Amino acid sequence: MTISAASVGAGSTPDVEAYLGKTAGQRLQRYLDFLRIPSISGIPEHAPDCRRAAGKLADDLRAAGLEHVEVSETGGHPIVYADWLHAGGAPTVLLYGHYDVQPVDPVDEWEAAPFEPIVRDGRVLARGASDDKSNISIALSAAEALLAARGALPVNLRLVFEGEEESSSVHLEPWLVANAGRLAADVALVADSGFFAGNVPAITVGLRGLTAVEIHVQGPFQDVHSGVFGGAIENPINALAGIIASLKGPDGRIRVPGFYDEVVALSQEERMAMAALPFDEEAMRAELDVPALVGESGWTTLERRGARPTLDVNGIWGGFSGEGTKTIIPGRAGAKITCRLVANQDPARISDLLRAHITEIAPPGVRVEVVAMGGGRPTLTPRDLPATRAFAVALEASFGRPPVFVREGGSIPVAASFEASLKLPVTVMGFMPPNGNFHAPNEWMDLANFETGIRALVAFFDEYAAHPAG
Ligand SMILES: [Zn+2]
């Protein structure tokens, strides 16, 4: 199902609607100009473009009537900050987005130049059109419309837009910690998400975390002759394969003791809600071209993908893999393993459990080392969080149907950063179409989502204003 543009206007109020109605052209131009800046954070030659995008964003925020607008240095690409804090007694919303974008390769698969946006059939095609310049532009337009139409926002608002999300946000958490004193809020809206399959309004309530390890298995001091030494020593690759095979049972359960101890159980209500989501398993199987979907027994595919932890080998090496045969016992072997984690698993603890278990089961003829490679925390937002409830009401009023609540299999590490460094509850939201080709050629944004999204955010601010401040 596609939400039609017919619902544009619902959700906001007549004063705001009058302003939005007469400024649609300017608003679109501003968004397209933003898309023309190739702010690819991961490619050093584009550092000046990232700075240019930050500068333009700051100019637009000032012009919209936001205050304390600042391009704040981080040691990397700057963070753009702005606020409006005159809604005495009302709660404070901290809204996060990112102005940087992914690289555009392979560029010859694009229908048009990635940084020369085209508008066609109700869509805008450009790198960043969805991720995440749509959500930033929607937030800017909602605040602008409220300030122009009413001279005030119903809530206090802080905007934090970073430029390194697509290159791992290294400077965000230190910046949040250093600026915690001036970032007080009641909720963090992480505006870097979108709608569910079929363009159904969605609120992301869960994001998985991650822990990564490498296993290094050392056998003889170097590769040795398998005729001379075979049968007398352990083979590191055989040993590694045995270790890996033992980490999961045939039922898909991870056999590392303690692995599941902190996993928050899915409630019956949540399982029913997940089962009701419009999800086509057969389409997913066919798209991936696999003979079957498999995973931990006792759970549906959506549950396994969003609400259950995983353990996967991402790479494996060792020995000889060239043409022909080479009769050796290899000196060493290794593998990279990552686990997707769910609330309330702690990445460091899981990494410790993996190390302890693998060390314990390692066969005696090899030396096994498990190296922690970092990770990120999972998040889970209660659905009855006032901001989440208010956003659900606003989405239904604007888009004409209630949102679905989604547990995403991927990670948005910044969501955990807001929880950990600012102690804020987090609502992950946004208006990107589910099939918008983020990070891929021909990224696009649905203009009906864009326009209705502005109304939804206005409606959210009005709805959330009724909640008492922190
Ligand atoms: Zn993003």
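Residues numbered from 1 in each chain as written. Predicted model: local features only at pLDDT ≥ 70, side-chain atom pairs only at ≥ 80, totals over all residues. Heavy atoms only, no water.

## Some thoughts on the overall build of the protein chain
Thought 1: A tally of regular secondary structure across the protein chain gives 14 helices and 18 strands.
Thought 2: Against the 2.2 N^0.38 benchmark of 23 Å for 470 residues, the protein chain shows a C-alpha radius of gyration of 25 Å, consistent with a compact globule.
Thought 3: Seen through its C-alpha atoms, the protein chain measures out along the principal axes to roughly 85 × 50 × 45 Å.
Thought 4: Counting only residues that meet the buried cut, the protein chain has 54% of its 470 residues in that class.
Thought 5: A fraction of 80% describes how many contacts in the protein chain between residues 6 or more apart in sequence connect residues 24 or more apart. (Helix = DSSP H or I, 4+ residues; strand = E, 2+ residues; numbered from the N terminus. Rg over C-alpha atoms; globule rule 2.2 N^0.38 Å. Buried < 20%, exposed > 50% of the residue type's maximum accessible area, 1.4 Å probe, protein only. Contact = heavy atoms within 4.5 Å.)

## Concerning the sheet that holds strand E13 (residues 332-341)
Thought 1: Pairing is antiparallel in the open sheet, where four strands are placed in the order E11-E13-E9-E14. This sheet does not close on itself; its edge strands, each paired only once, are strand E11 (312-318) and strand E14 (367-376). Direction aside, neighbouring strands of the sheet carry axes that sit 15 degrees apart on average.
Thought 2: Running at roughly 15 degrees to E13, helix H7 (residues 236-246) makes contact with strand E9 (209-218), E11, E13 and E14 of the sheet.
Thought 3: Strands E9, E13 and E14 of the sheet are contacted by helix H11 (residues 347-361), whose axis makes an angle of about 25 degrees with E9. (Pairing = 2+ DSSP bridges. Axes fitted to C-alpha atoms, helices over the stretch in contact; angles between N-to-C directions.)

## Notes on the domain arrangement of the protein chain
Thought 1: What the domain assignment reports for the protein chain is domain 1 (5-207 + 378-465), domain 2 (209-263 + 309-376) and domain 3 (265-308).
Thought 2: Inter-centroid distance (C-alpha atoms) of domain 2 to domain 3 is 28 Å.
Thought 3: At the junction of the two partners, domain 2 supplies eight residues and domain 3 supplies eight residues.
Thought 4: Here domain 2 and domain 3 share an interface that buries about 580 Å² over both sides, 47% of which is from carbon and sulfur atoms.
Thought 5: Across the domain 2-domain 3 interface, the total number found is one salt bridge.
Thought 6: Glu296 is the partner of Arg253 in a salt bridge, and the nearest nitrogen-oxygen pair spans 3.2 Å.
Thought 7: In this structure, the connection of domain 2 to domain 3 is made through three residue pairs in polar contact (both at pLDDT 80 or more).
Thought 8: For the side of domain 2 that touches domain 3, a count of residues per class yields four nonpolar, two polar and two charged. (Domains from an automatic or database assignment. Buried area = accessible area lost by both parts, 1.4 Å probe. Salt bridge = Lys/Arg side-chain N within 4 Å of Asp/Glu carboxyl O. Polar contact = N/O pair within 3.5 Å; in protein donor to acceptor, adjacent residues only side chain to side chain. Nonpolar A, V, L, I, M, F, W, Y, C, P; charged D, E, K, R; others polar.)

## Some points on the layout of surface pockets
Thought 1: Computed from the structure, the largest pocket encloses a volume of approximately 1,200 Å³.
Thought 2: Lining the largest pocket we find 39 residues, and of these Glu408, Gly409, Gly410, Pro434 and Phe438 sit closest to its centre.
Thought 3: Contributing elements (two or more residues each) for the lining of the largest pocket: helix H5 (172-178), strand E8 (202-207), helix H9 (281-288), strand E16 (404-408) and helix H13 (413-422).
Thought 4: Here the lining of the largest pocket is composed, by residue class, of 20 nonpolar, 10 polar and nine charged.
Thought 5: Shared between two domains, the lining of the largest pocket holds at least three residues of each, these being domain 1 (5-207 + 378-465) and domain 3 (265-308).
Thought 6: Quantified by volume, the second largest pocket comes out at close to 490 Å³.
Thought 7: Lining the second largest pocket are 20 residues; nearest its centre among them are Val294, Gly295, Glu296, Arg304 and Thr310. (1 Å grid on protein atoms, 1.4 Å probe; cavity = no way out; pocket = protein on both sides within 12 Å on 5 of 7 lines; lining within 4 Å. Points joined across faces, edges and corners; volume = space filled by probe spheres on them.)

## Thoughts on the coordination of the zinc ion
Thought 1: Within the first shell, the zinc ion binds the protein through His98 (NE2), Asp131 (OD), Asp192 (OD) and Asp192 (OD), at distances of 1.9 to 2.7 Å.
Thought 2: Taken together, the four donor atoms coordinating the zinc ion span angles of 51 to 149 degrees at the metal, a pattern that classifies the geometry as irregular.
Thought 3: In primary-sequence terms, the residues that donate to the zinc ion follow H-x32-D-x60-D. Placement of the pair is His98 in strand E3 (residues 92-98) and Asp131 in the loop between strand E5 (123-125) and helix H4 (133-150), with a sequence separation of 33 residues. Here His98 matches Asp131 in class, with each residue buried. (Donors = N, O, S within 2.8 Å, 3.2 Å for Na, K, Ca; no water. Tetrahedral: all angles 85-135°; square planar, octahedral: opposite > 155°, others 65-115°.)

## As for the packing of aromatic side chains
Thought 1: Scanning the entire structure with this criterion turns up 10 aromatic pairs.
Thought 2: Ring centres 5.2 Å apart and planes at 75 degrees place the aromatic pair Phe259 and Tyr260 in the edge-to-face group. Like Tyr260, Phe259 is buried.
Thought 3: On the numbers, 5.7 Å between centres and 55 degrees between planes, the contact of Phe460 with Phe461 is tilted. Note on accessibility: Phe460 and Phe461 belong to one class, buried.
Thought 4: Every member of this aromatic cluster is reached through a ring pair, and the members are Phe195, Phe391, Phe399, Phe431, Phe460, Phe461 and Tyr464.
Thought 5: One Lys or Arg, Lys133, reaches over the ring of Phe34 and ends 5.0 Å from the middle of that ring.
Thought 6: Just above the ring of Tyr81 sits the side chain of Arg182; from NZ or CZ to the centre is 4.9 Å. (Phe/Tyr/Trp six-rings, centres within 6.5 Å; stacked < 30°, edge-to-face > 60°. Lys NZ or Arg CZ within 6 Å of the ring centre and 35° of its normal.)

## A word on the side chain of Arg208
Thought 1: Mapped onto the secondary structure, Arg208 falls in the loop between E8 and E9.
Thought 2: Buried charge Arg208 goes without a salt bridge, the closest partner of opposite sign being Asp312 at 7.3 Å.
Thought 3: At 2.9 Å, the side chain of Arg208 and the backbone oxygen of Gly409 are in polar contact. (Lys, Arg positive; Asp, Glu negative; His and termini not counted.)

## Some thoughts on the sheet that holds strand E4 (residues 118-120)
Thought 1: The antiparallel open sheet is built from three strands, whose spatial order is E4-E5-E18. Each end of this open sheet is capped by a strand with a single partner; those strands are E4 and strand E18 (444-446). Strand-to-strand twist across the sheet, computed as the mean angle between neighbouring axes with direction ignored, equals 25 degrees.
Thought 2: Where E4 meets E5, three bridges bridge the pair, whose relative direction is antiparallel. Paired with Arg120 across the bridge in E5 is Arg123.
Thought 3: Packing of helix H14 (residues 447-465) onto the sheet brings it into contact with E4, E5 and E18, and relative to E18 it is tilted by some 55 degrees.

## Some thoughts on the confidence of the model for the protein chain
Thought 1: Looking at the protein chain, pLDDT values average 94 and 98% of them are 70 or higher.
Thought 2: Across residues 1-7, confidence stays below pLDDT 50; counting only partners more than four residues off in sequence or on other chains, it has 13 contacts. (pLDDT = per-residue confidence, 0-100.)

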